Amino acid sequence: AATCTSTAAASSSTDTTAGTAPTAKQQYYLQLSILSAYDPRWYRLGTARNDICKSRQGFGKTRLLGRPTVYSGWATDARGFVSVNADVVYLSDRGGGRRLEWKKLTIGNNVDEPQFGTYCTAAVGVDDLPASQLTSIAGFNDLARSRGWNVKKNSTFPVLFVSGGVVEGAYRGAFSFLHAVIGGGKKPTKKEEYGVDAVSMDSYDWCWLKVSGGVLDEIPEEERSLQRAREVVSNAIPTGAEESETVTSSTSAFGGSARACHSLWYDRRLGCVFAFGGFTDTVARQAYVDGGSFDEGSDRIGNPVGNLPEFGWSGHRALHHLEAFDLSKGQWARILQSGANPIARFGCSVVNVTVDKQHRQSEGVTYLVMGGCSGRHNHKGSMADGSELQDPASHRVLYLQRCPDNTDEIKAQWRIPLDSERASLTIDSAHCNAALGRLHSSCAISEHGHLFFGGGHPSRLSSSVMLLKHGIRDTWCQEDGKWRWENWGRPISSYHRLDGNTFSAPEEATWHFSRGKSGDAGRLVPSPSLPRADCLLVADPFRPGEAFLWGGWRGDELGDCFKLVLGIRKPDEGILYGNRVEATRRAVPDP
């Protein structure tokens with residue numbers, strides 16, 4: 001495939017000229033080269049000098065209306081001051097790829113905004129949410145009337161959902177809210193942005209809406225004392241999957257558990273927002289009580305068992321349960337689980353691997369839950385615990401569908417990948433610590449390709465890039481709908497890895513050569529400033545095969561921005577991005 005793609009690249013790059021729409025043949029070669037991970041290359045992007053976005057980690061990361069968008073997070077400004085702000089910022093471009101600038105989203109109301117800024121939070125953007133999935137949410141109709149929005153039967157709204165996170169240091173005070181930033185009112189206008197006519201973010205009337213307070217709303221105000229809260233909310237960890245081989249019980253009927261570093265996604269076919277995994281305080285069903293916080297650990301019935309009592313920190317526990325907010329019903333759905341234990345984890349990826357041509361409206365959706373960490377929290381240094389879940393046996397296949405006899409309930413069937421599936425998901429032993437670790441980043445780069453980047457144990461952060469192919473047929477994947485790693489379970493290019501003290505300078509990172517890709521690109525090593533965890537990675541919808549990377553953590557908060565490009569070289573790359581940030585090294589054996 002690599003040889004065929006190289007030939008295609010030579011012919012297509014010769015025929016393509018700037019400003020000319022690509023032909024069907026050129027588009028085919030481009031998509032083929034992207035799925036073959038042809039010539040991965042990094043570019044450093046310069047953004048306008050402002051301190052709106054700052055350097056961040058632990059933020060909610062997503063894409064909204066084609067723009068990289070982040071919510072809240074632990075931020076450090078140019079003067080070194082640290083803050084946690086409940087703001088929404090997005091990457092804007094008013095120069096066709098040459099003038100990038102972080103801008104704060106203007107939100108018209110603050111009544112329903114989250115009470116506290118959080119970090120280790122989650123976010124997901126939906127560009128065209130049907131109005132029918134919003135009208136059942138308490139408060140939406142009143143908000144639409146007060147803002148003068150015209151809510152028609154077939155109208156859609158751009159929506160940013162944000163969920164959970166922690167509000168105190170030492171990862172204490174897990175929050176349970178689910179909020180939404182909804183864009184409505186104005187007629188969308190288009191501006192020349194990212195080199196195309198893109199819908200302007202400023203053309204919407206953005207407003208906060210509290211979708212659910214989760215368990216935060218379960219404790220009556222008159223019972224918000226520490227003792228009464230423990231009595232009223234005795235089950236700090238929601239029911240569902242226990243530490244056993246199989247699960248047969250359902251999750252709690254209410255949903256909305258307090259959690260952080262979890263996965264959040266929207267399923268269009270089921271009309272639900274799902275949350276999975278993460279970690280929580282073992283008493284943090286309610287983050288604040290009587291103006292203070294829970295600062296003692298406890299077990300499921302409230303007995304103190306703090307895992308770090310000498311520091312007064314709350315006990316933590318990783319979660320392995322699944323919850324869904326049914327937008328069409330305006331309430332948390334009851335989920336009936338069965339199958340293999342999904343394993344408690346945080347910082348994982350949930351990949352939609354459903355094959356569309358086999359997917360009817362009455363059928364469900366298939367997801368692949370991959371990677372993450374089994375630890376109880378995200379402490380760094382000597383306090384880091386848990387193991388990286390990179391073995392295929394730790395992955396889970398999740399099948400979701402509505403119950404045929406009760407549409408208010410959702411069936412969730414878990415299973416371990418089959419032996420044949422595990423074989424195609426195995427990572428080469430020489431690079432087993434290079435991908436899928438805690439707080440790695442991932443995004444869909446094409447309809448059948450999913451990128452994974454960085455993450456890992458705080459002392460072994462990586463800049464490796466892996467490409468997962470699914471839903472296609474080729475010589476290595478004989479069945480439609482299955483999945484496999486590109487480049488035989490190795491990163492698709494060479495990479496850096498920080499070994500030892502993560503607070504050392506990036507230049508001290510070791511570099512690793514990954515065989516398997518043809519051409520000089522196999523001898524290019526990316527910038528040593530790339531290794532990181534918990535960063536933004538989103539595909540650029542206006543430029544196929546390209547993805548933005550920003551922020552994250554490597555000993556401290558980061559604020560630099562890069563562009564990852566796969567496939568045939570486009571004629572305007574040099575004009576937009578300048579020179580590649582890789583350095584040429586002689587070929588060496590795999591480590």
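Residues numbered from 1 in each chain as written. Predicted model: local features only at pLDDT ≥ 70, side-chain atom pairs only at ≥ 80, totals over all residues. Heavy atoms only, no water.

### A look at the environment of proline 531
Here is step 1 of the chain: One can find proline 531 in the loop between β36 (524-525) and β37 (536-539).
Here is step 2 of the chain: Sequence-wise, proline 531 and tryptophan 553 are 22 residues apart; in three dimensions their C-alpha atoms are separated by 8.8 Å.
Here is step 3 of the chain: In contact with proline 531, not counting residues within four places along its chain, are Leu461, Ser462, Ser463, His496, Leu498 and Arg554. (Helix = DSSP H or I, 4+ residues; strand = E, 2+ residues; numbered from the N terminus. Contact = heavy atoms within 4.5 Å.)

### What about the pairing of strand β31 (residues 449-453)?
Here is step 1 of the chain: Counted residue by residue, β31 has five buried out of five residues, so it is predominantly covered.
Here is step 2 of the chain: Burial of the side chains of β31 extends over both faces: Gly449, Leu451 and Phe453 are buried on one face and His450 and Phe452 on the other.
Here is step 3 of the chain: Sheet topology places strand β30 (residues 441-446) next to β31; five bridges connect them, and they run antiparallel. Looking across to β31, one finds that serine 446 is bridged to glycine 449.
Here is step 4 of the chain: Hairpin connection between β30 and β31: a loop of two residues separates the two successive antiparallel strands. (Buried < 20%, exposed > 50% of the residue type's maximum accessible area, 1.4 Å probe, protein only. Pairing = 2+ DSSP bridges.)

### Section: unusual backbone geometry
Here is step 1 of the chain: Positive phi values are uncommon outside glycine, yet leucine 65 reaches one of about 50°.
Here is step 2 of the chain: With respect to the secondary-structure elements, leucine 65 resides in the loop between β3 (60-64) and β4 (67-71).
Here is step 3 of the chain: Leucine 65 gets classed as buried once you look at its relative accessible area, which sits at 11%.

### Here's the deal with the sheet that holds strand β10 (residues 156-163)
Here is step 1 of the chain: What the four strands build is an open sheet, ordered β9-β10-β13-β16; its pairing is antiparallel. The open sheet has two edge strands, β9 (122-130) and β16 (205-212), and neither has a second partner. Averaged over neighbouring strand pairs, the angle between their axes works out to 25° when direction is ignored.
Here is step 2 of the chain: Sheet topology note: the β9/β10 ladder contains seven bridges and is antiparallel. What sits directly across from alanine 123, in β10, is valine 162.
Here is step 3 of the chain: Seen against the sheet, helix α3 (residues 140-147) touches β10, β13 (178-184) and β16 and runs at an angle of roughly 165° to β16. (Axes fitted to C-alpha atoms, helices over the stretch in contact; angles between N-to-C directions.)

### Side note on the environment of proline 491
Here is step 1 of the chain: The topology assignment puts proline 491 in the loop between β33 (483-485) and β34 (495-497).
Here is step 2 of the chain: For the pair proline 491 and histidine 431, spaced 60 residues apart in sequence, the C-alpha to C-alpha distance is 7.5 Å.

### Focus: the environment of glycine 80
Here is step 1 of the chain: Secondary-structure assignment places glycine 80 in the loop between β5 (74-76) and β6 (82-84).
Here is step 2 of the chain: The class for glycine 80 is partly exposed, based on a relative accessible area of 45%.
Here is step 3 of the chain: Between the C-alpha atoms of glycine 80 and serine 55, which are 25 residues apart in sequence, the distance is 9.7 Å.

### Points about the nonpolar core
Here is step 1 of the chain: Residues Phe161 and Ile182 are the most contacted members of the largest nonpolar core, which totals 27 residues.
Here is step 2 of the chain: The set of elements that each furnish at least two residues to this core consists of β9, α3, β10, β13, β16, β18 (263-267) and β19 (272-276).
Here is step 3 of the chain: No other element matches the four residues that β9 contributes to this core.
Here is step 4 of the chain: Core analysis: the second largest hydrophobic core is formed by 21 residues, Ile34, Ile445, Leu451 and Phe453 among them. (Core = buried A, V, L, I, M, F, W, Y, C linked by side-chain atoms within 4.5 Å.)

### Quick look at the pattern of salt bridges
Here is step 1 of the chain: The tally for this structure, following the rule as stated, stands at 27 salt bridges.
Here is step 2 of the chain: Where lysine 61 meets aspartate 534, a salt bridge forms, and the shortest distance between an N and an O atom there is 2.9 Å. Here lysine 61, found in strand β3, pairs with aspartate 534, found in the loop between β36 and β37; they are 473 residues apart in sequence, far enough to count as distant.
Here is step 3 of the chain: The exposure class assigned to aspartate 534 is buried, which follows from its relative accessible area of 8%.
Here is step 4 of the chain: Its salt-bridge partner being aspartate 128, residue arginine 268 comes within 2.7 Å of it at the nearest N-O pair. Taken together, the residues span a long stretch of sequence, with arginine 268 in the loop between β18 and β19 and aspartate 128 in strand β9 at a distance of 140 residues.
Here is step 5 of the chain: Owing to a relative accessible area of 45%, arginine 268 belongs among the partly exposed residues under this scheme.
Here is step 6 of the chain: Linked by salt bridges that have partners in common, Asp39, Arg41, Arg569, Glu573, Arg580 and Glu582 make up one network. (Salt bridge = Lys/Arg side-chain N within 4 Å of Asp/Glu carboxyl O.)

### Focus on α3
Every α-helical turn comprises 3.6 residues, leaving residues that sit three or four positions apart pointing alike.
Here is step 1 of the chain: Buried within α3 are the following residues: Phe140, Leu143 and Ala144. Relative to the axis of α3, the buried residues are bounded by an arc of 100° and lie together on one face. Across from the buried face of α3, at angles greater than 90 degrees, the exposed residues are Arg145 and Ser146.
Here is step 2 of the chain: Two residues or fewer past α3, glycine 148 is found with a positive phi of approximately 75°. (Arc of directions from axis to C-beta.)

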